[in-house]
Amino acid sequence: WTNISSSSLGEGTGYCTETASCNVMFKQRLVWKFIGLSTIASLAGSDIQSATFTVNGVHSYNCTAQTTYLWRTADISAASNWSLQWLQSLSTRTESQRPNCGTNGYRSFDAKAGFVWAADADSSTISLGLVTEELSMASWKRFANDATIDIVYNRAPNVPTSQQLISPSLTTCTTGAGRPAIATTTPTLSAIVSDPDLSAVTAYFDVVTFVPDPNKAGGGRSVTVWSGNSGAAVTNGQRASAAVAAGKLTNGTVYSWRVRGYDGARFGALTGWCEFVVDTTAPSTPTVTPVTTGVAAVYFESTE
């Protein structure tokens, strides 16, 4: 829409009952449609951190504060009419917006719940409407048509890749009989971490072992013996590592470990398990025993 007139900026919402302002008595509601939101449609609702709908409030009937309600509506088109569905109440503001009261200007409404819906519904469009109480002229307000939306989203880090023990020696992720034996109780674990939004990522590691149940054959439970992180976040796509704290691992025990990323706001999904066994016992000193029997002597004789 444009302006009602050069002296009456914007368009109104509410119940206009004074002919000096409205020419005729009527009720009106305002709805904006935002399109081209393919990025939002590709997200999950949990990715939406905040969403703000900002609109220029150019006029209100008087200087008395009145409530304005922001709703998500059904999709609008040229054929939309008064029967349009108002689907989801989002937020409210209570104030006047009259120029001669010094209260006009831009208003920001919390629209997060609406964009959570859009992300979960894979919708690339959303329609947002403003209404006031429709009982009298007191709630009549006018708004300009240049509303904007500001959306902050954050996707969780990707599942880390390329899990490796990098100390005491470089080994790849293995489980079962091929698991590496390491001669230390403070190995350094590592993985490559990344984030779909290219944020820096911290790696968080867990090391567990299986504790058998002496009262149940084959039974038992996994116990976390150490959890730690790589400290400062690393650049997206780089390797992050952390050394297991001293005193947490014991000789002769099999351990499993996994890792996930954290971008400062959200944790990503966990990797699968890798395994190693601690073997800090050095082999016994070999014994050399001389052979005293069955020794054959070979003689070489020159023919010259």
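Predicted, not measured: the structure shown is a model, and the values here were computed from it. (Residues numbered from 1 in each chain as written. Predicted model: local features only at pLDDT ≥ 70, side-chain atom pairs only at ≥ 80, totals over all residues. Heavy atoms only, no water.)

Asker: Account for the overall build of the chain, with residues named and values stated.
Answerer: A count of helices and strands for the chain gives three helices and 19 strands. Structurally, the chain occupies a C-alpha span of about 135 × 60 × 35 Å along its principal axes. Taken over 304 residues, the chain has a buried fraction of 38%. Put simply, 73% of the contacts in the chain that link residues at least 6 apart link residues at least 24 apart. Within the structure as shown, the chain displays about 16,400 Å² of accessible surface, and the carbon and sulfur contribution to it stands at 50%. (Helix = DSSP H or I, 4+ residues; strand = E, 2+ residues; numbered from the N terminus. Buried < 20%, exposed > 50% of the residue type's maximum accessible area, 1.4 Å probe, protein only. Contact = heavy atoms within 4.5 Å. Areas by Shrake-Rupley, 256 points an atom, 1.4 Å probe, with all protein chains shown as cover.)

Asker: Let's hear about the state of the cysteines: which residues, and what values?
Answerer: By the definition in use, this model includes two disulfides. The residue that forms a disulfide with C63 is C101, at a sulfur-sulfur distance of 1.4 Å. In this structure the cystine formed by C63 and C101 twists about its S-S bond by roughly -55 degrees; its chirality is therefore left-handed. Note that C63 is positioned in the loop between β4 (48-60) and β5 (66-73) and C101 in the loop between β6 (86-95) and β7 (105-110), a separation of 38 residues in sequence. Judged by its relative accessible area of 46%, C63 is partly exposed. Of the residues examined, C101 reaches a relative accessible area of 25% and is grouped as partly exposed. One disulfide in the model links C173 with C274; its S-S distance is 2.0 Å. With the S-S dihedral at roughly -110 degrees, the linkage between C173 and C274 falls on the left-handed side. A residue pair is termed long-range when its members are at least 10 positions apart, and C173 in the loop between β12 (171-172) and β13 (181-182) and C274 in strand β19 (residues 274-278) qualify at 101 residues. For C274, a relative accessible area of 1% corresponds to the buried category. (Disulfide = S-S within 2.5 Å.)

Asker: Can you break down the side chain of S60 residue by residue, with the values?
Answerer: By the secondary structure assignment, S60 is in strand β4. By relative accessible area, which is 2% here, S60 ends up buried. Once residues lying within four places of it in the same chain are set aside, the contact partners of S60 are S96, Q97, R98, W140 and K141.

Asker: An account of the nonpolar core is requested, with residue identities and associated values reported.
Answerer: Nonpolar side chains in soluble globular proteins tend to end up buried together. Among the nonpolar cores identified, the biggest contains 22 residues, and W32, F53 and F115 are the most heavily contacted of them. At the level of elements, β3 (30-34), β4, α3 (112-120) and β8 (126-132) are the ones that each hand at least two residues to this core. At four residues, β4 tops the list of elements feeding residues into this core. Residues I182, L189, A191 and V207 belong to the second largest nonpolar core, which totals 21 residues. (Core = buried A, V, L, I, M, F, W, Y, C linked by side-chain atoms within 4.5 Å.)

Asker: Any chance you could break down the sheet that holds strand β18 (residues 254-262) for me, citing the residues and the numbers?
Answerer: Pairing is mixed in the open sheet, where five strands are placed in the order β13-β19-β18-β15-β16. Of all the strands in the sheet, the pair left with one neighbour each is β13 and β16 (220-229). Where β18 and β19 come together, four bridges link them in antiparallel fashion. The residue bridging V254 from the neighbouring strand is V277, located in β19. (Pairing = 2+ DSSP bridges.)

Asker: Quick rundown of the sheet that holds strand β14 (residues 188-192)? Include the residues and the values.
Answerer: One open sheet accounts for four strands, arranged β12-β11-β14-β17; its pairing is antiparallel. Strand pairing shows two members of the sheet lacking a second neighbour, β12 and β17 (239-243), which therefore form its edges.

Asker: Go over the environment of W82, please, and point to the residues and values.
Answerer: Locating W82 in the fold gives a position in the loop between β5 and β6. W82 sits 44 residues away from I126 along the chain, and the two C-alpha atoms are 18 Å apart. Residues in contact with W82, not counting those within four places in the same chain, are K27, Q28, R29 and E134.

Asker: Tell me what's going on with α3, and back it up with residues and numbers.
Answerer: Buried within α3 we find G114, F115, A118 and A119. Down the axis of α3, the smallest arc covering the buried residues is 135 degrees, so these residues share one side. In this structure, the buried side of α3 is in contact with α2 (38-41), β4, β5, β6, β8 and β10 (148-153). Positive phi shows up at D122, right after α3, with a value of about 55 degrees. (Arc of directions from axis to C-beta.)

Asker: How would you sum up the packing of aromatic side chains? Please name residues and give values.
Answerer: Under the criterion given, the structure shown has nine aromatic pairs. Ring centres 5.1 Å apart and planes at 80 degrees place the aromatic pair Y204 and F267 in the edge-to-face group. Here the residue Y204 occupies a position in strand β15 (residues 202-212), and F267 occupies one in the loop between β18 and β19, the gap between them amounting to 63 residues. The partly exposed category is assigned to Y204, whose relative accessible area is 27%. Judged by its relative accessible area of 36%, F267 is partly exposed. Aromatic rings pair up to connect W32, F34, F53 and F109 into one cluster. Over the ring of F267 we find R260, and its NZ or CZ is 4.2 Å from the ring centre. (Phe/Tyr/Trp six-rings, centres within 6.5 Å; stacked < 30°, edge-to-face > 60°. Lys NZ or Arg CZ within 6 Å of the ring centre and 35° of its normal.)

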